[in-house]
Amino acid sequence: MPTVEFRLARGVRKLIDVTVYHLRLNMAALSFLATFAAFAAFGFLLRIMFQFNLFIIVAAILFVYLVTGGWKFMRIVVLTAPRDLRGLSYLVRTIIGTKKFMRRNITIDRIFDEVVAKYPNKTCFLFQDTTWRFVEFQSYVNKVANFLYEQGYRKGDVIAIYSENCPEMVAMWLGMSRIGVTAALINFNLRDVSLSHCIKISDAKAVIYGSNLEEAIAAVSSDLPKTVTYMSLSREPAKKLTSLSIDQELEKASTFPPPRENMGALDTLFYIYTSGTTGLPKAAKISHLRYFTITMGIKLFARITPDDVLYTSLPLYHTAAVILGVGQCLLYGTTIAMRQKFSASQFWNDCVKYKATGTQYIGEICRYLLAQPPKPEDKQHTVRFIYGNGLKPQIWRKFQERFGVGYIMEFYGATEGNCSVVNNQNVVGAIGFTTRIAPALYPITLVKVDPETNEYIRDSLGICVKCKPGEPGEIVGKIVKNNPLRQFDGYVNESATSKKIIRDVFRKGDMAFSSGDILVMDELGYLFFRDRTGDTFRWRGENVSTNEVEAIISNHIKYSDAVVYGVEVPGCEGRAGMVALVAPDSSVVDVASMGKSWCQALPSYARPIFVRIVTEADTTGTFKLKKNKLRDEGFDPSAIKDPIFYLDSQSRSYIPLQQSAYNDIVSGALRL
């Protein structure tokens, strides 16, 4: 019978073997681990050195190393080692969990069945005044799968889902996954060309839509293939389409598990579309494996437990809600409370109603919440943590102080990308961190990009030039095939996939995912968002981050929408800053005071030269401000109906831009 010590040693050895295997004998990783092993054995080594009279020699070498600059690296090691070790442990656990998922070759719906067996009568979803238990939701999912199977849908088919948030929407794609059908999750804000584009590029054979969206689907039905079948999430008969009522059909469907297709971890679970800030949306492939990996990683870093109640009002067609949120329910048993659509006025009321312990944000949501009038619910809730991306550093502390949320976990990552980072240290403004001790351990980096041409800057060997701390650059992630944390599954459109891959980044012949986002790293490895590639512009020889200027201006106008972009001015180098302010009536905007306050808050090169007053902001479904159309329209008052003002450099105030002044600016008679 093996002794306890023997079994313990064998277990430790097995853990080490597994860790080394999953890190693929990465020399940087081994170096990283060896460094900390050396610290642990430091006392023992000192005793050995004393015996051989080596202490003085080693001390002298260490002294020379420190005084010649080595103290800087040692300082970084001391300050970041605990953080990096904790992050490494989460990374290793995620790798091990993912490998186990792959070995089992299992799918998300099968893991959900295991969760149901563990928590059959636990609350699964809270929606409006309805409560779904896990076993009830499982029965509904089986009905969906059986109904679609009887309709003839099989593995490889695609069905589009076009609906506002509700538990039934989750049941639709989860039921599809049981029979191998891929769901295309369509943004319910889309209309006309964008809507028909998303349905067509997915090659969907059917569209399941919410009854309140029938008119939008009917408007594009003539542009879709005649073979498309329409199904309504309603008991009411369709008015403008020939469609099936899913509610009625499910009454006749069986609750028993359906015939299962031969599905595995690498099969596509659903498509999630990019927000379309730079054109029509692209459909990104999300495999069962990727769904699992993302969900597990967020669970570890955010410390989410099955006892939590997670509130989300984010759209279920987006990664944040359908994976980072709902994934905690389907894979780990966390209760999800959801709202049909985000409401700033009802956000904290819902958190109180559902006794939420955690919630999510994205884009401008935190700013919208701050813009609401104060009320008792602001601190009557039980929310202890909130996680998401897009919380600007300028309002971070204000948000925590007003709403009493102690732990904010900001993260960064594209739906389809492989360069995700997490800030689980509550460092204000940081979107994540990467290790400075052993950077090759997690192969993401910032590379220099020419702000004018958006071309990558390369060295004499053709390799991308990496940024030093304090230098802005695009974040990219090394692509490693058959590595779930490093691979890039791409889009449905192969051409779109190839555009996101860059070569010769870390070394000759390699490939990396191009994020399109400009970040900056501090000396401790914390990363801070600057802007999207193309949004940053140069004026007066300086780079201007539209993201930072938007945040400052928004604070000065009580968190209202402000869209900053650069416009070309004939005869001027770079682009002049312009801001579109959202106001229902231009007369309520105090243009005179803006100039003085902005001149105090912003450096001269970052101050908007032009101000445009618009009635509403054009945003994506994930609360990102669109600016392409505004940028293209420029500042010509004869072509724009909205009021436009320009900054008078002498008075530091904004005055109306008349056609005569515009002509003088274009001709160079009036210098900016």
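Residues numbered from 1 in each chain as written. Predicted model: local features only at pLDDT ≥ 70, side-chain atom pairs only at ≥ 80, totals over all residues. Heavy atoms only, no water.

Student: Quick question: what am I supposed to make of the overall build of the protein here?
Tutor: Helix and strand content of the protein: 21 helices and 28 strands. Burial status across the protein gives 54% buried among its 672 residues. For the protein, the share of sequence-separated contacts (at least 6 apart) that also reach a separation of at least 24 residues comes to 69%. Of the roughly 30,500 Å² that the protein leaves accessible, carbon and sulfur atoms contribute 54%. (Helix = DSSP H or I, 4+ residues; strand = E, 2+ residues; numbered from the N terminus. Buried < 20%, exposed > 50% of the residue type's maximum accessible area, 1.4 Å probe, protein only. Contact = heavy atoms within 4.5 Å. Areas by Shrake-Rupley, 256 points an atom, 1.4 Å probe, with all protein chains shown as cover.)

Student: Could you clarify how one ought to interpret the nonpolar core in this entry?
Tutor: The nonpolar side chains of soluble globular proteins are, as a tendency, buried together. Formed by 131 residues in total, the largest nonpolar core has its most connected members in F137, W173, F270 and Y291. Setting aside residues up to four positions removed in sequence, W173 forms contacts with I161, A183, L185, L269, F270, Y291, V322 and L330. (Core = buried A, V, L, I, M, F, W, Y, C linked by side-chain atoms within 4.5 Å.)

Student: Can you help me understand the confidence of the model for the protein in this one?
Tutor: Detail in the predicted coordinates should be disregarded across regions flagged by low pLDDT. The predicted model of the protein averages 86 in pLDDT, with 87% of residues at 70 or higher. For residues 1–9, every residue scores under 50 in pLDDT, and the model assigns this stretch two contacts once sequence neighbours within four places are set aside. (pLDDT = per-residue confidence, 0-100.)

Student: What is the right way to read the sheet that holds strand 4 (residues 182–185) from this model?
Tutor: In a beta sheet, neighbouring strands pair by backbone hydrogen bonds and run either parallel or antiparallel. On the basis of which strands lie adjacent, the open sheet formed by seven strands has the order 7-6-5-3-4-8-9 and mixed pairing. The open sheet has two free edges, formed respectively by strand 7 (243–245) and strand 9 (283–287), since each of these has just one partner strand. For this sheet the average axis-to-axis angle between neighbouring strands, irrespective of direction, equals 25°. Sitting on the sheet, helix 7 (residues 167–178) touches strand 3 (158–162), strand 4, strand 5 (206–210), strand 6 (229–233) and strand 8 (268–273), and the angle it makes with strand 3 is about 175°. Against the sheet, helix 11 (residues 288–302) touches strand 8 and strand 9, its axis set at about 80° to strand 9. (Pairing = 2+ DSSP bridges. Axes fitted to C-alpha atoms, helices over the stretch in contact; angles between N-to-C directions.)

Student: Explain the packing of helix 5 (residues 108–118) against helix 12 (residues 319–332) to me, please; I cannot follow it from the model alone.
Tutor: Axis angle and axis distance: for two packed helices, these are the angle between their axes and the distance between the axes, and together they describe the pair. Helix 12 packs onto helix 5 with a crossing angle of 60° between their chain directions and a minimal axis gap of 7 Å. The orientation of helix 5 relative to helix 12 falls into the category oblique. Packed against helix 5, whose contacting residues are I108, I111, F112 and V115, the element helix 12 presents C329, L330, L331 and Y332 at the interface. Its residues assigned to classes, the contact of helix 5 with helix 12 shows eight nonpolar, no polar and no charged. (Parallel < 35°, antiparallel > 145°, perpendicular 65-115°, else oblique. Nonpolar A, V, L, I, M, F, W, Y, C, P; charged D, E, K, R; others polar.)

Student: Any chance you could explain the pattern of salt bridges here in plain terms?
Tutor: Proximity of charged atoms lets side chains of opposite charge pair with each other. By the definition in use, this model includes 23 salt bridges. Between D113 and R260 there is a salt bridge whose closest N-O contact spans 2.9 Å. In this pair, D113 is assigned in helix 5 and R260 in the loop between helix 10 (246–250) and strand 8, connecting sequence segments 147 residues apart. For K252, the salt bridge is made with E249, and the minimal N-O distance between the two is 3.4 Å. Linked through salt bridges whose partners overlap, the residues forming this network are D109, D113, R178 and R260. (Salt bridge = Lys/Arg side-chain N within 4 Å of Asp/Glu carboxyl O.)

Student: Would you explain unusual backbone geometry in this entry?
Tutor: Peptide bonds are trans in most cases, and residues, glycine excluded, mostly fall at negative phi. Of note, the phi angle at D203 is positive, near 60°, even though the residue is not glycine. Within the secondary structure, D203 sits in the loop between helix 8 (192–201) and strand 5.

Student: Would you take a moment to explain the packing of aromatic side chains for this structure?
Tutor: The way to describe two aromatic rings as a pair is by their centre distance and the angle between their planes. A complete count under the given rule lists 25 aromatic pairs for this structure. Taking the centre distance of 5.7 Å and the plane angle of 75° together, the rings of W132 and F137 count as edge-to-face. Each member of the pair, W132 together with F137, is buried. Taking 6.2 Å as the distance between ring centres and 15° as the angle between the ring planes, the aromatic pair formed by F385 and Y387 counts as stacked. In terms of burial, F385 and Y387 fall into one category: buried. Each member of the aromatic cluster is reached from another via a ring pair, and the members are Y311, F342, F347, W348, Y354, F399 and F403. Its guanidinium or amino end placed over the ring of Y491, K282 lies 5.4 Å from that ring's centre, counting from NZ or CZ. The ring centre of Y442 lies 5.2 Å from the NZ or CZ of R486, which sits over that ring. (Phe/Tyr/Trp six-rings, centres within 6.5 Å; stacked < 30°, edge-to-face > 60°. Lys NZ or Arg CZ within 6 Å of the ring centre and 35° of its normal.)

Student: Quick question: what am I supposed to make of the environment of L241 here?
Tutor: The residue L241 is located in the loop between strand 6 and strand 7 in this model. Remark: the alpha-carbon pair of L241 and M231, spanning 10 residues in sequence, is separated by 9.3 Å. Beyond its immediate sequence surroundings of up to four residues, L241 is in contact with Y209, E214, I217, A218, S221 and Y230.

Student: It is not clear to me how helix 7 should be interpreted in this structure. Could you clarify?
Tutor: Side chains that are three or four residues apart share a direction in an α-helix, a result of its 3.6 residues per turn. Between its first and last C-alpha atoms helix 7 spans 17 Å; for 12 residues at 1.5 Å apiece the expected length is 16 Å, and the two agree. With 11 of 12 residues buried, helix 7 lies mostly within the body of the structure. Of the residues making up helix 7, those classed as buried are P167, M169, V170, A171, M172, W173, L174, G175, M176, S177 and R178. Among the residues trailing helix 7, G180 stands out with phi positive, at a value near 85°. (Expected span 1.5 Å × (residues − 1).)

Student: Can you help me understand the side chain of R607 in this one?
Tutor: Looking at the element boundaries, R607 is found in the loop between helix 19 (591–601) and strand 26 (610–614). Here R607 is buried and forms no salt bridge, its nearest opposite-charge partner D648 lying at an N-O distance of 12 Å. For R607, the side chain forms a polar contact with the main-chain oxygen of L602, separated by 3.0 Å. Ignoring any residue separated from it by four or fewer positions in sequence, one finds R607 in contact with W598, C599, L602, L647 and R652. (Lys, Arg positive; Asp, Glu negative; His and termini not counted. Polar contact = N/O pair within 3.5 Å; in protein donor to acceptor, adjacent residues only side chain to side chain.)

Student: What is the right way to look at the sheet that holds strand 1 (residues 123–127) in this model?
Tutor: Strand order in this open sheet of eight strands is 2-1-11-10-12-13-14-15, and the pairing throughout is mixed. Edge positions in the sheet fall to strand 2 (130–133) and strand 15 (421–423), since each of these pairs with one other strand and no more. Each strand of the sheet is rotated relative to its neighbour by a mean of 20°, with strand direction disregarded. On top of the sheet, helix 16 (residues 393–403) reaches strand 13 (385–389), strand 14 (407–412) and strand 15; it is set at about 145° to strand 14, its chief contact.

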